[in-house]
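Take a look at the letters that make up each chain.
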Amino acid sequence: MITIPEALKPKSSIYDLKKRLDWGEPALTIIDVRDRKDFNDCHIMGAISCPVGELIDRARASLETDRDVYVYGVTDEEAAQSATLLQKAGYTSVAELVGGLDAWKAVGFPVEGALA
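Here is a short report on the structure shown in this document. (Residues numbered from 1 in each chain as written. Predicted model: local features only at pLDDT ≥ 70, side-chain atom pairs only at ≥ 80, totals over all residues. Heavy atoms only, no water.)

## Let's talk about the state of the cysteines
Inclusion rule: When two cysteine sulfur atoms lie within 2.5 Å, the pair is treated as a disulfide. Remark: exposure states derive from per-residue accessible area (1.4 Å probe, protein chains only) relative to the maximum for the residue type, with buried under 20%, exposed over 50%, and partly exposed in between.
Inspection of every chain in the model, using the stated rule, returns zero disulfides. We note that C42 lacks a disulfide partner, and the nearest cysteine sulfur, in C50, lies 17 Å from it. The class of C42 is buried, set by a relative accessible area of 8%. Overall, the relative accessible area of 2% leaves C50 in the buried class.

Below, the structure written as structure tokens:
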């Protein structure tokens, strides 16, 4: 029996995101707001790099405001601040990925990058 993943939550766990990815649901974007060097070294597979200083301009250029977005940074606080910036810019479905890359890697979920 295949279960349908839950809807996006404002604070989502790595397991919430993994369920959606495993389901094959393409209507989401994972945003890494860390600096480009950190992103290039290692990031969640499929994430895009949007450092905080470029976040809103890049999001507006490429993402619909109703798209489901998962955001993570160096810390949960950075993810929360980035999620707030996106919400203030009109994005309606934004989730902070609690634990970010460290939590993702800790359970062996797929990553990519030069040091992956």
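## Some words on the sheet that holds strand β6 (residues 94–97)
Just so we agree on the cut-off: Criterion used throughout: strands pair if DSSP finds at least two bridges between them. Helix and strand definitions here come from DSSP, where helices need a minimum of 4 consecutive H or I residues and strands a minimum of 2 consecutive E residues; each element is numbered from the N-terminal end. We call two residues in contact when some of their heavy atoms are within 4.5 Å. Each axis is a line fitted through C-alpha atoms, and for a helix only the stretch in contact is used; angles between axes span 0 to 180 degrees, taken between their N-to-C directions.
Overall, parallel pairing links the five strands, which are arranged β1-β6-β5-β2-β4 in an open sheet. Two strands in the sheet have a free side with no partner beyond their single neighbour: β1 (11–12) and β4 (48–49). The pairing of strand β2 (residues 28–32) with β4 spans two bridges and is parallel. Across the sheet, D32 pairs through a bridge with S49, a residue of β4. Sheet contacts for helix α1 (residues 14–23): β1, β2, β5 (68–72) and β6; angle to β2, the most-contacted strand, approximately 135°.

## Here's the deal with the packing of helix α3 (residues 55–62) against helix α4 (residues 76–88)
Spelled out, the test is: An angle below 35 degrees is treated as roughly parallel, one above 145 as roughly antiparallel, one from 65 to 115 as roughly perpendicular, and anything else as oblique. Definitions for this section: a left-handed crossing has its near helix turned counterclockwise from the far helix by less than a right angle. A right-handed crossing has that turn clockwise. In the scheme used here, Gly and all other residues not listed as nonpolar or charged are polar, with Ala, Val, Leu, Ile, Met, Phe, Trp, Tyr, Cys and Pro taken as nonpolar and Asp, Glu, Lys and Arg as charged.
Running from amino to carboxyl end, α3 crosses α4 at an angle of 50°, the nearest separation of the two axes being 10 Å. By the angle between their axes, α3 is oblique relative to α4. Seen from above, α3 lies across α4 with right-handed handedness. Residue-level inspection shows L55, I56 and A59 of α3 in contact with α4, the latter providing S82, L85 and L86. Considered class by class, the residues forming the contact of α3 with α4 number five nonpolar, one polar and no charged.

## Notes on the packing of aromatic side chains
Working definition: an aromatic ring pair is given by the centre-to-centre distance plus the angle between the planes. The condition is simple: Planes of paired rings set the category: under 30 degrees apart is stacked, over 60 is edge-to-face and the rest tilted, where pairs are Phe, Tyr or Trp rings (Trp by its six-membered ring) whose centres lie within 6.5 Å.
The final tally for this structure, using the stated rule, is two aromatic pairs. When the ring of Y15 is compared with that of F109, the centres are 5.9 Å apart and the planes differ by 85°; the resulting orientation is edge-to-face. With Y15 in helix α1 and F109 in the loop between α5 (100–106) and β7 (111–112), the pair connects residues that are 94 residues apart, well separated along the chain. Accessibility expressed as a relative area gives 44% for Y15, which makes it partly exposed. Ring plane angle 65° and centroid distance 4.8 Å describe the contact between W104 and F109, whose orientation is recorded as edge-to-face. Assessed through its relative accessible area of 1%, W104 is described here as buried. In textbook terms, an aromatic cluster arises when at least three aromatic residues are bridged by ring pairs, as seen for Y15, W104 and F109.

## Details of the nonpolar core
Here is the rule: To qualify as a nonpolar core, a set must consist of buried Ala, Val, Leu, Ile, Met, Phe, Trp, Tyr and Cys residues joined through side-chain atoms within 4.5 Å.
In terms of nonpolar packing, the biggest core is built from 15 residues, with L17, I30, I44, A47, Y72, L97 and W104 touching the most fellow members. Counting only elements with at least two residues in this core, the list comes to α1, β2, β5, β6 and α5. Beyond its immediate sequence surroundings of up to four residues, W104 is in contact with I14, L17, K18, L21, I44, F109, P110 and V111. The next biggest cluster of nonpolar side chains, apart from the first, holds 14 residues, and it includes C50, L55, I56 and V69.

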